[in-house]
Amino acid sequence: MTAQINWLGWIGAWLLMAVLPITVSLTPWISEPLRYVLMEAFHIFCHQIPERSPHVNGVQLAVCDRCYGILIGLCSGPLMALFYWKWIARHARMMIIVSIVPLVIDWGFGIVGVLSNTPESRFVTGFLFGIVAGGLVAHGMSFRKHEQ
Amino acid sequence: MPSKIQSILIGGLLAAVIGVFIAVASEVSGASDPGNSSSALGIVFQLLGCMAAMTSGLIAVWHYTNENELTLTGGQGVGVGVLAGLVYAVGILILSYVLVGIGLLPSPEESFERIRDSGAFDAPGAEQAESITRMMLTWGIPIITTVIGVIMGLIGGAIGAAVFKRGADDEMSE
């Protein structure tokens, strides 16, 4: 069995996954009114609590640490799919479960007060989930299996 | 292959209701208040807000595979997710307008006034910035919401196709 890569699909997947991390990272470089608009637009998708959000040059990005990790992971996922397409095809379900467990543990321990999460733990656990999700999207949009 | 329209509508609309419910609950409970960031409710909404947008594609794929006892390929899951995400975005915009009407969410004009109160337009020559901001609040937010909804739906669809497998899988089984 070999995989045929539809490069147009792969580039499309990568561009789609890159749109959101680029957009949320714009806040330090745009005017203040537009920054408010961007924050308002992402407010329905993320709580944007300042203490739990990344800052660049003292300006808050439009999403929290965990969402930012997810978005950066989504952007990196298509690159992973290039190298591990076979693995993704075989173990997609397991990968999703394995990637979501640390995220839920990090989040859940915070709720029950067992362990307070840090910006790094929120970013990394979000990134893990994001890279798997991005890989699945790229796999779905660009890889076609065909028998030899 | 059976029609996917019903699943797409169910996934998109259900996710829109979940998303708006979380947004309103977060707003009303004060969980989205920066001063309340350490409350358990705030922490609950922190993850739900991120994940709610993905549920449109997930629900649509789950419903389709469950109803028809078949497995979707990753590509088909992405397609279903895109359309469910579009329905989600339209649904959430309509519901938001309704909630703005009954005063549960701030209107674009109230948002504009909040920006003005922050002093963002105090610089000289800010008239142009004012008009651009007003236009962005009216048209930019719905466009950005639609783009985010479609991308998140697409991701949910890809995840759903990987997780919910019923019956034969033409492309991915080995």
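Predicted model only: the values in this text are computed from it and were never measured. (Residues numbered from 1 in each chain as written. Chains lettered and ligands numbered in written order. Predicted model: local features only at pLDDT ≥ 70, side-chain atom pairs only at ≥ 80, totals over all residues. Heavy atoms only, no water.)

Chemist: I'm lost on the overall build of chain A in this one. Help?
Modeler: Within chain A, the secondary structure is distributed over four helices and four strands. Reading chain A from its N terminus to its C terminus gives the helix and strand order β-α-α-β-β-α-α-β. When the backbone C-alpha atoms are referred to their principal axes, chain A occupies close to 55 × 40 × 25 Å. Expressed as a percentage of its 148 residues, the buried residues of chain A come to 51%. Within chain A, residue pairs in contact and separated by at least 24 positions form 71% of the contacts whose partners lie at least 6 positions apart. Here chain A contributes 9 positively and 7 negatively charged side chains, and the mean placements of these two sets differ by 16 Å. (Helix = DSSP H or I, 4+ residues; strand = E, 2+ residues; numbered from the N terminus. Buried < 20%, exposed > 50% of the residue type's maximum accessible area, 1.4 Å probe, protein only. Contact = heavy atoms within 4.5 Å. Lys, Arg positive; Asp, Glu negative; His and termini not counted. Charge placed at Lys NZ, Arg CZ, Asp CG, Glu CD.)

Chemist: Can you walk me through the nonpolar core in this structure?
Modeler: Inside soluble globular proteins, nonpolar side chains tend to come together where they are buried. Grouped together as the largest cluster of nonpolar side chains are 61 residues, with contacts concentrated most on Phe42, Val63, Phe129 and Leu136 of chain A together with Met152, Ile155 and Ile159 of chain B. Contributing elements (two or more residues each) for this core: helix 1 (7-24), helix 2 (32-43), helix 3 (65-112) and helix 4 (119-142) of chain A together with helix 1 (5-29), helix 4 (74-101) and helix 6 (127-163) of chain B. Here the element with the most residues in this core is helix 3 of chain A; it accounts for 13 residues. In contact with Val63 of chain A, other than residues within four places in its own chain, are Val24, Phe42, Cys46, Ser53, Pro54, Tyr68 and Leu71 of chain A. In this structure, Ala60, Tyr64, Val80 and Val87 of chain B belong to the second largest nonpolar core, which totals nine residues. (Core = buried A, V, L, I, M, F, W, Y, C linked by side-chain atoms within 4.5 Å.)

Chemist: Just to check I follow, could you spell out helix 3 of chain A for this structure?
Modeler: In an α-helix, one full turn covers 3.6 residues, which means residues spaced three or four apart are oriented alike. With 48 residues, helix 3 of chain A ought to run about 70 Å at 1.5 Å a step, yet its terminal C-alpha atoms sit only 20 Å apart, falling short of that. Just downstream of helix 3 of chain A, Gly113 of chain A is the residue with a positive phi angle, here 80°. (Expected span 1.5 Å × (residues − 1).)

Chemist: What should I look at first to understand the confidence of the model for chain B in this one?
Modeler: As a note on interpretation, predicted positions should not be read in detail where pLDDT is low. All names here are of chain B. When pLDDT is averaged across chain B, the result is 80; 78% of the residues are at 70 or more. Element-level mean pLDDT values for chain B span from 66 in helix 2 (residues 40-52) up to 93 in helix 3 (residues 55-68). This model gives residues 170-174 a pLDDT under 50, and the stretch forms 16 contacts once residues within four places in sequence are excluded. This prediction of the complex comes with two scores: 0.85 for pTM and 0.86 for ipTM. (pLDDT = per-residue confidence, 0-100.)

Chemist: So what exactly am I meant to see when it comes to the pattern of salt bridges here?
Modeler: Pairs can form between side chains of opposite charge whenever their charged atoms are close. Residues and elements named next belong to chain A. Scanning the model with the defined rule gives two salt bridges over all chains in all. Where Arg122 meets Asp65, a salt bridge forms, and the shortest distance between an N and an O atom there is 2.9 Å. Placement of the pair is Arg122 in helix 4 and Asp65 in helix 3, with a sequence separation of 57 residues. The salt bridge involving Asp106 is made with Arg66; its shortest N-O contact spans 3.1 Å. Take Asp106: its relative accessible area is 12%, and that puts it in the buried class. (Salt bridge = Lys/Arg side-chain N within 4 Å of Asp/Glu carboxyl O.)

Chemist: Explanation requested: the packing of aromatic side chains in the structure shown.
Modeler: By convention here, two paired aromatic rings are described through the distance between centres and the angle between planes. Residues and elements named next belong to chain A. One pass over the full model with this rule turns up three aromatic pairs over all chains. Between the aromatic rings of Trp7 and Trp10, the centroid separation amounts to 5.9 Å while the plane-to-plane angle is 70°, which identifies the pairing as edge-to-face. Pair noted here: Trp7 and Trp10 are both in helix 1, with a separation of three residues, about one helical turn. Here the aromatic rings of Tyr68 and Phe123 are separated by 6.3 Å at their centres, their planes lie at 45°, and the arrangement is tilted. In this pair, Tyr68 is assigned in helix 3 and Phe123 in helix 4, connecting sequence segments 55 residues apart. With a relative accessible area of 16%, Tyr68 lands in the buried category. Through a chain of ring-to-ring contacts, three or more aromatic side chains come together here, namely Tyr68, Phe123 and Phe127. (Phe/Tyr/Trp six-rings, centres within 6.5 Å; stacked < 30°, edge-to-face > 60°.)

Chemist: Mind showing me how you'd approach unusual backbone geometry here?
Modeler: What is expected of a backbone is that most residues other than glycine have negative phi and most peptide bonds are trans. The backbone phi angle of Asn57 of chain A is positive, close to 50°, even though this residue is not glycine. You can see Asn57 of chain A is positioned in the loop between strand 2 (55-56) and strand 3 (59-60).

Chemist: Is there a simple way to think about the environment of Gly149 of chain B in this case?
Modeler: Mapped onto the secondary structure, Gly149 of chain B falls in helix 6. Judged by relative accessible area, Gly149 of chain B falls into the buried class, the value being 0%. A C-alpha to C-alpha distance of 24 Å links Gly149 of chain B and Phe112 of chain B, two positions 37 residues apart in sequence. Setting aside residues up to four positions removed in sequence, Gly149 of chain B forms contacts with Phe45 of chain A together with Gly85, Tyr88 and Ala89 of chain B.

Chemist: Sorry, what's going on with the environment of Cys75 of chain A here?
Modeler: With respect to the helices and strands, Cys75 of chain A occurs in helix 3. With 62 residues separating them in the primary sequence, Cys75 of chain A and Ala13 of chain A have C-alpha atoms 9.0 Å apart.

Chemist: Is there a simple way to think about the packing of helix 3 of chain A against helix 6 of chain B in this case?
Modeler: Helix packing for two helices is described by the angle between their axes and how far apart those axes are. Their axes nearest at 12 Å, the elements helix 3 of chain A and helix 6 of chain B cross at an angle of 20°. Taken together, the axis directions place helix 3 of chain A and helix 6 of chain B in an arrangement best described as roughly parallel. The handedness of the crossing between helix 3 of chain A and helix 6 of chain B comes out as left-handed. Counted together, Leu71, Leu74, Ala92, Arg93 and Ile96 of chain A of helix 3 of chain A and Met152, Ile155, Ile159, Ala162 and Val163 of chain B of helix 6 of chain B form the full contact between these two elements. Class assignment for the residues of the contact of helix 3 of chain A with helix 6 of chain B results in nine nonpolar, no polar and one charged. (Axes fitted to C-alpha atoms, helices over the stretch in contact; angles between N-to-C directions. Parallel < 35°, antiparallel > 145°, perpendicular 65-115°, else oblique. Left-handed = near helix turned anticlockwise from the far one by under 90°. Nonpolar A, V, L, I, M, F, W, Y, C, P; charged D, E, K, R; others polar.)

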